[in-house]
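Observations on the model geometry
What follows is each chain in one-letter form.
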Amino acid sequence: MTLADWARGFAGGLMIGGAAAIFLLVNGRIMGASGILGALLDGSDRPGRAEHIAFLMGLVGCPALLWLLGDPAQTHLTGNLVVVALAGLLVGLGTRLAGGCTSGHGVCGISRLAPRSLAATAVYLLSGAATLLIARHLLGVI
Amino acid sequence: MARLAVALLAGALFGAGLLLSGMTDTRKVQGWLDIFGEWNPTLAFVLAGAILPMTLAWRIAARQRAALLGRMLPAPASRRIDRPLLIGSALFGAGWALAGLCPGPALASLGYGGTGGVVFLLAMAAGMLTAVPAAARLGRTPQIKDA
């Protein structure tokens, strides 16, 4: 953890918030990753379909392109695919039940002090910290 | 057409921001949640940076009738805190901690995340589809849509 990490974090954050601001003010949509992917999968927002596909193309394509051009990004994801699959299931189910994730509730909701988003963020942060404590420090599985 | 171009651009900027901020690195995200281990506060800087322009955007939106390309702006946020919200957020937090990935970074890192990244995305998609019958059991009112 260095000063450069903080600066890159803040600059990247401004880009994330800038993207959400553009999507809201120009297209009138909330930039929530789980809502966009989830609505495409379950067909719950047919009128938004084309925009959601375009958004996902940018979201997947741009970092992939930067990586191909030499960005040293690595995910350092655990090699334990059972843990990975379980985590994915929980994230997919949980974010759709809650109506949002870190982008929808964490960024877009908190910035307008939405009560549901404040509650959701408090719960997923607490649950995340508790899970990490148990899985890493007590069970040693991650 | 303009709407699609803006959506593509917003997605690209979101992805580039996630990459630059280090949020597609699962060690940094797990480090943020690891308050009893080697705590890494990067995520707080990312969140602060992201909330800043969005706070301004909501203020501008409050004075507009519609978005620039004509669509109605989102309705005021619901105040109802119900069981699906709390249970869903608790499940999400657990999955987020186990892998260090949430939906945005999982999509952004798909190009360089290897087999594990693909497995995570497929499992996440399956979980999202499970949410429809699960929400019905929890009695979720379908009109609440946050994001």
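Heads up: these notes are all about the structure in this document. (Residues numbered from 1 in each chain as written. Chains lettered and ligands numbered in written order. Predicted model: local features only at pLDDT ≥ 70, side-chain atom pairs only at ≥ 80, totals over all residues.)

This part takes up the nonpolar core. Membership of the largest hydrophobic core comes to 88 residues, with the highest contact counts inside it found for Ala19(A), Ala20(A), Ala10(B), Met54(B), Leu107(B) and Phe120(B). With eleven residues, the single largest contributor to this core is helix H1 (residues 2-21) of chain B. (Core = buried A, V, L, I, M, F, W, Y, C linked by C-beta atoms within 7 Å. Buried ≥ 20, exposed ≤ 12 C-beta atoms within 10 Å, placed from the backbone. Helix = DSSP H or I, 4+ residues; strand = E, 2+ residues; numbered from the N terminus.)

Bringing the interface of chain A and chain B into the picture now. Between chain A and chain B, the contact holds 108 residues from the first and 108 residues from the second. For the side of chain A that touches chain B, the element with the most residues is helix H1 (residues 3-27) of chain A, which contributes 22 residues. For the side of chain A that touches chain B, a count of residues per class yields 63 nonpolar, 36 polar and nine charged. (Contact = placed C-beta atoms within 7 Å. Nonpolar A, V, L, I, M, F, W, Y, C, P; charged D, E, K, R; others polar.)

Right, let's talk about unusual backbone geometry for a bit. Backbone geometry follows two general trends: most residues other than glycine have a negative phi, and most peptide bonds adopt the trans configuration. Residue and element names in this part refer to chain A. With phi around 55 degrees, His76 is a residue other than glycine that occupies positive phi space. Tracing the backbone through its elements, the reader meets His76 in the loop between helix H3 (49-68) and helix H4 (81-98). Given 15 C-beta atoms within 10 Å, His76 falls into the partly exposed group. Here the phi dihedral of Leu113 falls at roughly 50 degrees; this positive angle occurs in a residue that is not glycine. Mapped onto the elements of the fold, Leu113 is located in the loop between helix H5 (102-109) and helix H6 (115-138).

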